[in-house]
Amino acid sequence: MQRLPVCKDGISLDYLSRSSCYLFRCYSVSCTRNLGYGNHEITREIDVEGLFRACTKSEDVKHLHALLTVSGKAKSSFVATRLINMHSYFGNVSLSRYTFDQVLDKDSYTWNSMISAYVRNRQSSKAVKCAFEMLSRTDVRPDFHTFPPVLKACSALIDGTSLHCCILKSGLEWDVFVASSLVHMYCRFGFADRAYTIFKDMPFRDTGCWNSMISGFFQNDNAKEALRILDDMILEGVKMDSVTVATMLSVCAQLNDLLRGMLIHLFVIKHGLEFNVFVSNALINMYAKFGELKCVPNVFDHMHVRDIVSWNSIIAAYEQNNNPYVAIKFFHRMQVNKVQPDLLTLVSLSSCVAQMKDPLWVKSVHGFITRKCWITEDIVIGNGVIDMYAKLGITDSAQKVFERLPHKDVISWNTMITGYAQNGLAAAAVEVYNCMKENKDLKPNQGTQVAILPAYAHLGALRDGMKVHSQVLKENLELDVFVSTCLVDLYGKCGRLSEAISLFYQVSRETSVPWNTIISCHGLHGLGETSLKFFEEMLNEGVKPDHVTFLSLLNACSHSGLVDQGKWCFQVMQQEYEIMPTLKHYGCMVDMFGRAGLLETAYNFIESMPMKPDASVWGALLGACRIHGNVEMGRKASSHLFELDSQDAGHYVLLSNLYANFGRWEGVNEVRSLARDRGLWKTPGWSSIELNNKIEVFYSGNQSHPQYEKILEELGKINAKIKSLGYTPDTSFVLQDVEVDEKENILAHHSERLAIVFGILNTPPKTCIRIYKNLRSELKISIDIIICSRRKEVPDISSVRGMHVQGLAYFGAVS
DNA sequence: TTAGGGTTAG
């Protein structure tokens, strides 16, 4: 229905053609009766006109087509042209072509209609091909109607410029429709200046032409110039119409000018344009971009006619403002209204599912998209599905969809890299990034940098991260707030806090995100006081903290033993900023009390929680029990943990370690066999070091490294040396029931030691050696270790940022 | 009879 021109403004087709409808029904009945005798005939063309108007669905046209074929009328150019149009309105473009091919005396109307039929059904290349076929003929001439639709359809500029030549030859370039279409086409290919030259020289400009130029500048990211053209338009006394208004609403969104947008909304109401479906859709989009969700349902509910774009817009409005549940409600309403979702509906829907993290929705959404074959049709939806799987943590499905994409663009790669990085699989993210760099047709962009930098930060791969930094500087992206925040995070996590701070002060600090980053990385390195100072500065600059800010602060307090300050943060968050604590906030509090040895307080705190504590909360308590050696409390925490999440090997390891510390080996064996029965094994610990652009990974006891013998020899020497300096190994870290000698041996061959020695062997003296260890990832710190035993320097501990205390203890740096 | 310019995307 919506495709029919009479429905353009939402007027019912039935209303317009009630009389014709009656005629069509009578005619059909009489034809069906007479078909066997072959004595019926449509006599007057005016009857055909009425019959076409009576067609309300695809079947009507097919029926009428059959009748006209029987009567021999379908081949006449007059009737065929209408059939071509009617079939194309209902999306049956192949039937349009069939009708077209049957006509012997094709006139310009027939050709123009066929071209428009292709354009109407988005078959651009066929439209252009058909136009060139027409131009090559001598029996028909192109006219004012020929070029506008073809220019709209030009899928490559080469077609556009050759068509421009044809237009010049035919002398049609001053027709206002033709020239406007040229303006539109050149703008579409990014040649706004060329379009403007044509526009300027036009002897007469109608509103449509001004609209083409305004939208042209807007689409070329030049909203300011679009605004200037609008001013010129008003100066020349040309009135804004619904198209101008719809375009200008998008321009306001791009210019970040809500006030102007609202003034246009007033204009819309004053001039009765609010019932135009395009204008209302544009209003919804504008308010959504400004996050003004209050205005959105008002506009939507007042619409008389809603099309698929209206539904998509309101769904996207809530989806983009992190309100997936309301978005889904509108999706259900759309289904109740029997509006079929299209590709863009599903793009928004997959993002909603990603936000809701609802595994039940994932399969039905992916299944629906697959049935429609949309993944092969459009890259955006493929990227959406990858993102959906990645956000739910199902990275292997994301990878499968990614591999099967027929064409991958930069965003597909960025989405895959981000997907791995955000699921803690930084090494996989780096692998994808390296593959991407091998593809010479792809140019990594700002999104790529934002995707890979957190992965490097997570791995502690400072050198690789710095390479990205140099790329950022080359491309003048250092002022981009997303990129620079990632760089602050990278330098911060890798212990280069002074660099992080100087970068931080170069960034725009209007939102909480850069503040959260700088607070968090100081917290990670045990500089909780500094984190609190940054928080104070943030408040002084008038930036509103969010739940992440408080998470970073609580983490900082926890790592620095600032219990009172942590309690203060927890209180301020709720009372002053009305942020309800989540499980993560509770987890941080428990961790903070636990680390400070306040195990009873931590336990009581859990008991007082208004929600059911999850595995991370009990895990924090268990971790604290392990540090402070409280077996009884540890058992309590474990029983809750095993009940909540019996599949996480880490919980078993923690409890087993706790028993081991007290020499309660029967407890150790019990827990270990429990874990084995459930098919759980401890994640092997590994350490890595970056050397000569290569990351070397070491596992404890792994003898496969080519330098293993050399490393072992050097390690023996160092161990002997530090022992002679008075270092006693803390064998309580060895959680196996073996003799003390053997415990020392195990300790001496921990993966981080192997990596450090490899570093010593392969770098010149006084080089800073940076080790990354996977099992301490909850601290997310890189380990700066100064090897004092070899360098004969006593490190000033306060200057060694990002120091891994346990690592330093190994080599006697702290006694 | 046939035509241009507008709204939704990661």
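Remember, it's a predicted structure, so these values are computed and weren't measured experimentally.

Reading guide: rules and limits
Residues numbered from 1 in each chain as written. Chains lettered and ligands numbered in written order. Predicted model: local features only at pLDDT ≥ 70, side-chain atom pairs only at ≥ 80, totals over all residues. Heavy atoms only, no water. Helix = DSSP H or I, 4+ residues; strand = E, 2+ residues; numbered from the N terminus. Buried < 20%, exposed > 50% of the residue type's maximum accessible area, 1.4 Å probe, protein only. Contact = heavy atoms within 4.5 Å. Areas by Shrake-Rupley, 256 points an atom, 1.4 Å probe, with all protein chains shown as cover. Polar contact = N/O pair within 3.5 Å; in protein donor to acceptor, adjacent residues only side chain to side chain. Axes fitted to C-alpha atoms, helices over the stretch in contact; angles between N-to-C directions. Parallel < 35°, antiparallel > 145°, perpendicular 65-115°, else oblique. Nonpolar A, V, L, I, M, F, W, Y, C, P; charged D, E, K, R; others polar. Phe/Tyr/Trp six-rings, centres within 6.5 Å; stacked < 30°, edge-to-face > 60°. Lys NZ or Arg CZ within 6 Å of the ring centre and 35° of its normal. UniProt positions renumbered as here; feature names shortened; annotations may be inferred. Near = heavy atom within 4 Å. pLDDT = per-residue confidence, 0-100. Expected span 1.5 Å × (residues − 1). Arc of directions from axis to C-beta.

(A) Highlighting the overall build of chain A. Scanning chain A for helices and strands turns up 46 helices and four strands. In chain A, buried positions account for 50% of the 815 residues. Sequence separation of 24 or more characterises 60% of the internal contacts of chain A that already satisfy a separation of 6 or more. Looking at chain A as shown, the accessible area adds up to about 40400 Å², and 53% of this sits on carbon and sulfur atoms.

(B) Molecular detail of the side chain of Ser88. Position of Ser88 among the secondary structure elements: in helix α5 (residues 77-89). A polar contact of 2.9 Å, which involves the side chain of Ser88, links it to the backbone oxygen of Asn85.

(C) Main features of the packing of helix α17 (residues 277-289) against helix α19 (residues 308-320). Look at α17 against α19: their axes get within 9 Å of each other, and the N-to-C directions meet at 10 degrees. Taken together, α17 and α19 sit at an angle that is classed as roughly parallel. Facing Val277, Asn281, Ile284, Asn285 and Ala288 of α17, the residues of α19 in contact are Val309, Ser310, Ser313, Ile314 and Ala317. A class-by-class count of the residues in the contact of α17 with α19 yields six nonpolar, four polar and no charged.

(D) Looking closely at unusual backbone geometry. In this structure, Asn256 is a non-glycine residue whose phi angle is positive, near 60 degrees. Following the sequence through the fold, Asn256 ends up in the loop between α15 (242-255) and α16 (258-270). Overall, the relative accessible area of 62% leaves Asn256 in the exposed class. Even without a glycine there, the phi angle at Asn322 is positive, about 55 degrees. Inspection of the secondary structure assignment puts Asn322 in the loop between α19 and α20 (324-336).

(E) Structural view of the packing of aromatic side chains. All chains considered together, the criterion is met by 23 aromatic pairs. Aromatic side chains Phe402 and Trp413 sit 5.0 Å apart centroid to centroid with 85 degrees between the ring planes, which places their arrangement in the edge-to-face category. Of this pair, Phe402 sits in helix α25 (residues 395-404) while Trp413 sits in helix α26 (residues 410-422); the two residues are eleven residues apart in sequence, bridging distant segments of the chain. Each member of the pair Phe402 and Trp413 is classed as buried. Ring centres of Phe504 and Trp515 lie 5.0 Å apart, and the angle between their planes is 80 degrees; on these two criteria the pair is classed as edge-to-face. Of the two residues, Phe504 sits in helix α31 (residues 497-504) while Trp515 sits in helix α32 (residues 512-524), which places them eleven residues apart along the sequence. On the basis of relative accessible area, Phe504 is assigned to the buried category, the value being 0%. The rings of Tyr196, Phe199, Trp210 and Phe217 are connected pair by pair, giving a single aromatic cluster. The lysine or arginine in question, Arg82, covers the ring of Phe78, its NZ or CZ lying 3.8 Å from the ring centre. Its end group placed over the ring of Phe300, Arg306 keeps NZ or CZ at 4.5 Å from the ring centre.

(F) Focus on the UniProt feature "repeat: PPR" (unreviewed entry) in chain A. This chain's UniProt record puts "repeat: PPR" (unreviewed entry) on residues 107-142, 206-240, 307-341, 409-439 and 511-545. The straight-line gap between the two end C-alpha atoms of residues 206-240 is 11 Å; of that span, 74% is helix and 0% is strand. Summarising residues 409-439: 84% helix, 0% strand, and an end-to-end C-alpha distance of 11 Å.

(G) Seen up close, the protein's contact with DNA strand B. Looking at DNA strand B, there are 48 residues lining it, with Arg120, Phe177, Asn211, Phe278 and Asn383 nearest. The protein-proximal atoms of DNA strand B, defined as those within 4 Å of the protein, are 37% sugar or phosphate. Side-chain polar atom of Asn211 to a base nitrogen of DNA strand B: 2.5 Å apart, as the coordinates give it. In this structure, a sugar or linking oxygen belonging to DNA strand B sits 3.5 Å away from a side-chain N or O atom of Asn285.

(H) Quick look at the environment of Ala755. Tracing the sequence through the fold places Ala755 in helix α44 (residues 751-762). The exposure class assigned to Ala755 is buried, which follows from its relative accessible area of 0%. Each C-alpha atom of the pair Ala755 and Trp686 lies 9.2 Å from the other, and the pair is 69 residues apart in sequence. Other than its neighbours up to four places away in sequence, Ala755 contacts Ser687, Ile689, Phe698 and Ile771.

(I) Region of the structure containing the confidence of the model for chain A. Per-chain confidence: chain A averages 83 in pLDDT, with 85% of residues scoring 70 or above. A low-confidence stretch, residues 1-23 (pLDDT under 50), is modelled with 34 contacts involving residues beyond four sequence positions or located in other chains. Scored below 50 in pLDDT, residues 776-815 shows 93 contacts in the model against residues more than four places distant or in partner chains.

(J) Here's a closer look at helix α39 (residues 631-644). Taking 1.5 Å of rise per residue, the 14 residues of α39 would be expected to cover 20 Å, and the 20 Å separating its terminal C-alpha atoms lies within 8% of that figure. Of the residues making up α39, those classed as buried are Val631, Met633, Gly634, Ala637, Ser638, Leu641 and Phe642. Projected down its long axis, α39 shows its buried positions confined to an angular sector of 165 degrees, all on one face. Looking at α39, the residues exposed on the side facing more than 90 degrees away from the buried face are Glu632 and Glu643. Tucked into the core, α39 has its buried residues touching α37 (599-607), α38 (615-628), α40 (649-661) and α41 (665-677).

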